[in-house]
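A structural walkthrough
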Amino acid sequence: MKKFMYKRIDLILLGIILLSAFLNIYNIWKNDYANAYYTAAVKSMLENFHNFFYASFDPAGFVTVDKPPLTFWIQTLSAAIFGLHGWSVILPQALSGVGSVVLLYFLLKPTFGITGARIASLTMAITPIVPAISRSNNIDSMLVFTLLIGVWMLFKGVRKNKAIWVIGAFAMIGLGFNMKMMQAFMVAPAFYLFYITAAKVKWKKKIGILASATAVMMALSLSWAVVVDSVSADDRPYMGSSQTNSVLELAFGYNGVARLTGQGQSTPGGGGADKGNGNEMQAPPNGMEQGEAPEGMPSGTPPNGQGGPNQANGTNATNSDDSASNDSSNTDSSSAQDNTNSETQTSEDNGQRDFLSRGDQGGPGGQNGGGMFNTGTPGFFRLFQIGLADQISWVLPFALFGCVGLLSGIRLRQQWRDGEKESLFWLAWLGPVGVFFSIAGFFHQYYLIMLAPPIAAFVGAGWVKLFKLYQTEKGFKSMLLPIAILATTAFEVFTLKSYIDQIGMVWSIGVGVAGTLLSLALFFFKQKEKRATYFVSLAALLAILVIPAFWASTPIIYGDGNSVMPAAGPTTMGNGNMKMGEGQNSINENLVSYLKKNSNGETYLFATSNASSAAPYIIEGETVMAMGGFSGSDPILTTEKLEEMVKNNEVKYFLIGGGGPGGSSDLQTWIQEHGEEVPQEEWNGTSNNDSDSDSNSGMPGRGGQSETLYKVEL
């Protein structure tokens with residue numbers, strides 16, 4: 001029995017699983033709030049079923065988060081079991097990352113063998129963006145896991161010729177839509193192509209099954225959205241980050257087409273510069289991003305210098321989700337924010353910023369690795385630019401050569417082998433998603449986890465195929481393996497040159513020498529009959545996996561710079577061991593004490609412009625209103641509605657300012673005209689002259705700027 005169990009258990013896979021678990025889970029318990037925006041929603045969803053169903057951001061059900069609720073339902077379940085902690089809301093994503101590694105193994109093993117499956121799962125585990133995003137409570141890791149479950153069901157349905165599994169596979173895309181909307185549909189072309197090319201049924205039945213699967217996928221995708229949109233606006237929270245209080249508008253607009261075109265990103269919520277609702281926006285507060293939740297970090301530059309050597313590394317750097325054009329909407333506030341940031345940077349941050357600003361050449365052809373959110377310049381080589389390459393593309397050259405090898409024997413008029421059909425599936429995943437990220441107007445670095453499964457699959461299956469060609473073929477095909485190793489080595493050394501000042505020359509020299517020597521050995525000492533070539537080629541592959549493995553471990557080595565905009569890399573070392581999300585999570589105890597003493601049973605302890613300021617208070621158990629939703633730009637309130645809420649004793653105090661988005665200028669004007677300013681010394685322990693002191697800079701999203709508390713009684 002023991003011998004049987006030993007044979008059944010792949011010990012190497014077990015080691016890969018343990019490695020993935022370590023990279024994804026170790027030290028997440030040091031995270032207090034994780035992404036405060038999403039954690040606040042989980043806190044509110046624990047309160048009652050109404051908040052749970054709608055994914056309400058606040059306990060009173062005023063506004064939702066800007067994503068569908070499925071992932072947050074799972075996070076809420078975790079928090080209900082383990083208590084509300086940063087690690088308890090991260091845990092589902094961390095386990096999803098491990099699950100994706102396991103699934104990839106079982107997806108490749110039947111067709112490409114155990115070696116290809118092991119290599120693919122290892123590559124998935126150490127792809128830097130995979131553990132980086134899995135160590136946060138953002139959605140993408142769970143989305144990829146869900147889609148890979150769909151792939152497993154699709155492959156099983158085709159192998160066993162069972163329609164129910166195929167329909168279930170497309171249903172998983174529908175579930176993915178209820179996690180992150182249109183991003184889940186990125187893999188749909190691959191699903192359709194694979195079933196069309198691989199299913200051994202007649203065309204009439206094939207079309208019928210695909211039609212049924214599509215109907216199920218769309219029904220599941222739109223189920224929650226249709227239910228929510230059919231409920232009266234008075235009976236549910238406002239749909240966060242939408243401009244028309246509609247889930248469908250959010251899904252197909254801001255979280256859909258606008259991602260590709262970049263349109264509607266000039267202000268948070270994707271609503272454009274001004275939609276007639278009086279929105280005048282400032283740069284978002286530190287620690288939160290505009291429009292798209294946590295995503296959560298303000299937009300403009302990645303937080304804490306993560307993601308590439310071109311970015312300033314300061315805890316006050318703004319990074320809004322939607323665009324850099326916020327400067328034009330509130331010049332005075334933005335200028336004040338910039339001045340404050342420059343004054344409050346430490347000398348260490350300034351030193352790193354000087355280095356980072358020198359990293360201008362970020363990719364092939366001298367492409368800049370900066371760009372909005374450090375996602376580079378759109379174009380053919382975008383995925384090879386700094387900021388993206390170091391998150392996902394270390395072994396992309398090898399994967400592309402592997403793809404060539406896997407499809408080299410395909411003939412249109414001949415029956416395709418299972419390996420060729422599955423290779424076409426992974427290509428149909430990699431190609432469209434890669435094109436999207438190459439041309440898209442707006443996305444974040446961590447979205448790149450969508451590319452991790454097909455790249456890992458092509459590395460694992462590709463190595464098996466290239467080694468076979470190396471041993472059995474002559475001419476160019478036989479040389480694909482050493483060429484792939486040499487090309488990947490050269491790309492890794494090229495990418496590492498931008499980080500020499502941070503990690504030294506050792507890594508570049510080590511991978512360069514090892515990769516070059518091993519590839520040359522394969523070039524000049526080709527021996528078909530000796531097992532030595534097998535170990536040399538395997539060693540060459542492991543040599544090019546060393547750098548992504550190191551990059552994947554940087555969140556543990558240097559600390560998770562910021563879980564709301566996760567990225568891997570040694571640029572996080574400038575943050576020391578700063579806790580994830582630190583700087584957005586503190587609350588003003590003096591403010592809470594003052595408001596509780598002076599409240600008269602209002603629904604909301606206070607109202608503020610945006611979710612950045614409200615989130616930490618909600619997590620600590622207070623009911624706070626974010627009048628403009630996540631970014632401050634949602635057209636939720638009119639002055640008439642706000643006046644009615646004040647008269648109905650729903651809200652009396654308003655906390656305005658602090659360097660965060662200003663929200664509606666009409667609302668602020670109304671509050672200032674009808675309210676009484678509360679002296680700083682009464683609620684903050686400082687006078688107005690001291691409002692820029694340290695006692696104020698620790699408040700969430702302050703950016704060092706003062707806040708003003710107003711009391712409005714009608």
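This is a predicted model, so every value here is computed, not measured.

For the rest of this paragraph, the subject is the overall build of the protein chain. Secondary structure assignment for the protein chain yields 29 helices and 5 strands. The 714 residues of the protein chain split such that 60% are buried. For the protein chain, the share of sequence-separated contacts (at least 6 apart) that also reach a separation of at least 24 residues comes to 72%.

Moving on to the pairing of strand β5 (residues 707–711). Among the 5 residues of β5, 4 are classified as buried, and the element is accordingly described as predominantly covered. Where strand β3 (residues 653–657) meets β5, 5 bridges bridge the pair, whose relative direction is antiparallel. Residue pairing in the sheet places G657 in a bridge with E707 of β5. Direction of pairing for strand β4 (residues 676–678) relative to β5: antiparallel, over a ladder of 3 bridges. Paired with V678 across the two strands is L709, which belongs to β5.

This part covers the pattern of salt bridges. Taken as a whole and judged by the stated rule, the model has 9 salt bridges. Its salt-bridge partner being K652, residue E602 comes within 3.7 Å of it at the nearest N-O pair. Taken together, the positions of E602 in the loop between α24 (589–598) and β1 (606–608) and K652 in the loop between α26 (639–647) and β3 put the pair 50 residues apart, joining distant regions of the chain. Like E602, the residue K652 is buried in the burial classification. Here E643 and K647 are joined by a salt bridge, their closest N and O atoms 3.2 Å apart. Separated by 4 residues within a single helix, E643 and K647 lie in helix α26, roughly one turn from each other.

So, on to the side chain of S633. Structurally, S633 can be placed in the loop between β2 (624–626) and α26. On the accessibility criterion, S633 (1% relative accessible area) is buried. A distance of 3.0 Å separates a polar atom in the side chain of S633 from a polar atom in the side chain of S631.

Here we come to the pairing of β3. The element β3 is largely enclosed, with a buried count of 4 among its 5 residues. Of the strand pairs in this sheet, β1 and β3 are connected by 2 bridges, and their pairing is parallel. In the sheet register, T608 faces β3, and the bridge partner there is L655.

A few words now on the packing of aromatic side chains. Two numbers describe a pair of aromatic rings. These are the distance of the centres and the angle of the planes. If you walk through the whole model with that rule in mind, you get 46 aromatic pairs. Here the aromatic rings of F177 and F252 are separated by 6.1 Å at their centres, their planes lie at 40 degrees, and the arrangement is tilted. Of the two residues, F177 is situated in helix α9 (residues 163–180) and F252 in helix α12 (residues 247–261); the sequence distance between them amounts to 75 residues. Here F177 falls in the buried class, since its relative accessible area comes to 2%. Three or more aromatic residues joined by ring pairs form one cluster here, namely F155, F170, F191, Y192, F194, F425, W426 and W429. The side chain of K206 reaches across the aromatic face of W203, ending 4.6 Å from its centre. For K497, the ring lying beneath its charged end belongs to F494, and the centroid distance is 5.1 Å.

Three or more residues of α26 are buried, namely L642, M645 and V646. All buried residues of α26 lie within an arc of 100 degrees about the axis, which places them on one face of the element. Away from its buried face, by an angle of more than 90 degrees, α26 presents the exposed residues E640 and K647. Where α26 is buried, its residues meet β2, β3 and α27 (665–674). Backbone geometry just downstream of α26 places N649 in the positive-phi region, at approximately 65 degrees.

Note that S20 resides in helix α2 (residues 11–25). Apart from the residues lying within four places of it in its own chain, the contact partners of S20 are G97, V98, V101 and A125.

Now for the environment of F523. Tracing the chain through its elements places F523 in helix α22 (residues 506–524). Residues F523 and I483 lie 40 residues apart in sequence; the distance between their C-alpha atoms is 8.4 Å. In contact with F523, other than residues within four places in its own chain, are M479, P482, I483 and L486.

For the rest of this paragraph, the subject is the confidence of the model for the protein chain. Taken over all residues, the pLDDT of the protein chain has a mean of 82, while the share at 70 or more is 77%. Note that pLDDT drops below 50 for residues 265–369; the model gives that stretch 374 contacts with residues more than four away or on any other chain.

Further remarks concern the sheet that holds β2. Judged by pairing direction, the sheet is mixed, and its 5 strands sit side by side in the order β2-β1-β3-β5-β4 without closing on themselves. In the strand order of this sheet, the two ends are held by β2 and β4, each with one partner. Averaged over all pairs of adjacent strands, the angle between their axes in this sheet comes to 30 degrees, without regard to strand direction. Docked against the sheet, α24 engages β1, β3, β4 and β5, running at close to 150 degrees with respect to β3. Across the face of the sheet, α27 comes into contact with β3, β4 and β5 while running at roughly 125 degrees to β3.

Looking now at the nonpolar core. F57, W426, F437 and F654 are the most contacted members of the largest nonpolar core, which totals 186 residues. Of the residues forming this core, the biggest block, 13 residues, is contributed by helix α6 (residues 86–126). Membership of the second largest hydrophobic core comes to 6 residues, among which are I28, V42, V89 and I90.

Taken together, the side chains of I9, L11, L14 and L18 define a hydrophobic patch exposed on the protein surface, amounting to about 360 Å² of accessible area. By secondary structure assignment, the location of L14 is in helix α2.

Running from N to C, helix α20 (residues 480–496) and helix α23 (residues 532–557) cross one another at 25 degrees; their axes reach a closest spacing of 10 Å. With respect to each other, α20 and α23 are oriented roughly parallel. In this structure, the crossing between α20 and α23 has a hand that is left-handed. Residue-level contacts link L481, I485, T488, T489, E492 and L496 of α20 to S537, A540, L541, I544, I547, P548 and W551 of α23. Its residues assigned to classes, the contact of α20 with α23 comprises 9 nonpolar, 3 polar and 1 charged.

Looking now at the packing of α6 against helix α19 (residues 452–472). Two elements in contact, α6 and α19, have axes separated by 7 Å at closest approach and are oriented at 115 degrees. Like other packed secondary-structure pairs, α6 and α19 cross with a definite hand, here right-handed. Each of L104, L108, F112, T115, G116, I119, A120, T123 and M124 in α6 lies in contact with α19, whose residues at this interface are A452, P453, A456, A457, V459, G460, A461, W463 and V464. For the contact of α6 with α19, the residue count by class is 14 nonpolar, 4 polar and no charged.

Cut-offs and rules
- Each chain carries its own residue numbering, running from 1 in the written order of its sequence.
- Local features in a predicted model are, by the rule used here, given only for residues with pLDDT of at least 70; side-chain atom pairs are given and counted only at 80 or more, and totals for whole chains, interfaces and linings are based on all residues.
- Hydrogens and water molecules were not included; the side-chain quantities draw on all heavy atoms of the structure.
- Numbering goes from the N terminus for both helices and strands, where a helix is a DSSP run of H or I of at least four residues and a strand is a run of E of at least two.
- Summary of the burial criterion: residues with accessible area below 20% of their type's maximum are buried, those above 50% are exposed, and those between are partly exposed, where the area comes from a 1.4 Å probe applied to protein chains only.
- Throughout, a residue-residue contact means that at least one pair of heavy atoms, one from each residue, lies within 4.5 Å.
- For two strands to be treated as a pair, DSSP must find no fewer than two bridges joining them.
- Think of a salt bridge as a Lys or Arg side-chain nitrogen and an Asp or Glu carboxyl oxygen that are within 4 Å of each other.
- Polar contacts, as counted here, are pairs of nitrogen or oxygen atoms within 3.5 Å of one another; within protein the pair requires one atom able to donate a hydrogen and one able to accept it, and residues that are adjacent in sequence qualify only if both atoms are side-chain atoms.
- Only Phe, Tyr and Trp rings are paired, with Trp represented by its six-membered ring, and only when their centres lie within 6.5 Å; those with planes under 30 degrees apart are stacked, over 60 edge-to-face, the remainder tilted.
- Charges are assigned to positions over rings by a cutoff of 6 Å between ring centre and Lys NZ or Arg CZ, combined with an angular limit of 35 degrees from the ring normal.
- As used here, the arc is the angular range of directions from the helix axis to the C-beta atoms.
- pLDDT gives the predictor's per-residue confidence on a scale running from 0 to 100.
- Between N-to-C directions, angles span 0 to 180 degrees; the directions come from axes that are lines fitted to C-alpha atoms, helices contributing only their stretch in contact.
- Side-chain atoms within 4.5 Å link the members of a nonpolar core, which is a set of buried Ala, Val, Leu, Ile, Met, Phe, Trp, Tyr and Cys residues.
- In this analysis, a patch consists of residues with relative accessible area above 30% that form no salt bridge, clustered at 9 Å for like charges and at 5 Å for the nonpolar side chains Val, Leu, Ile, Met, Phe, Trp and Tyr.
- Per-residue and other accessible areas were derived by the Shrake-Rupley procedure at a 1.4 Å probe size, with only the shown protein chains allowed to occlude residues.
- Roughly parallel covers angles under 35 degrees, roughly antiparallel covers those over 145, roughly perpendicular covers 65 to 115, and oblique covers all other angles.
- Here is the rule for handedness: rotate from the far helix to the near one, and if that takes an anticlockwise turn smaller than a right angle the crossing is left-handed, while a clockwise turn gives right-handed.
- Side-chain classes are defined by residue name, with Ala, Val, Leu, Ile, Met, Phe, Trp, Tyr, Cys and Pro counting as nonpolar, Asp, Glu, Lys and Arg as charged, and the others, Gly among them, as polar.

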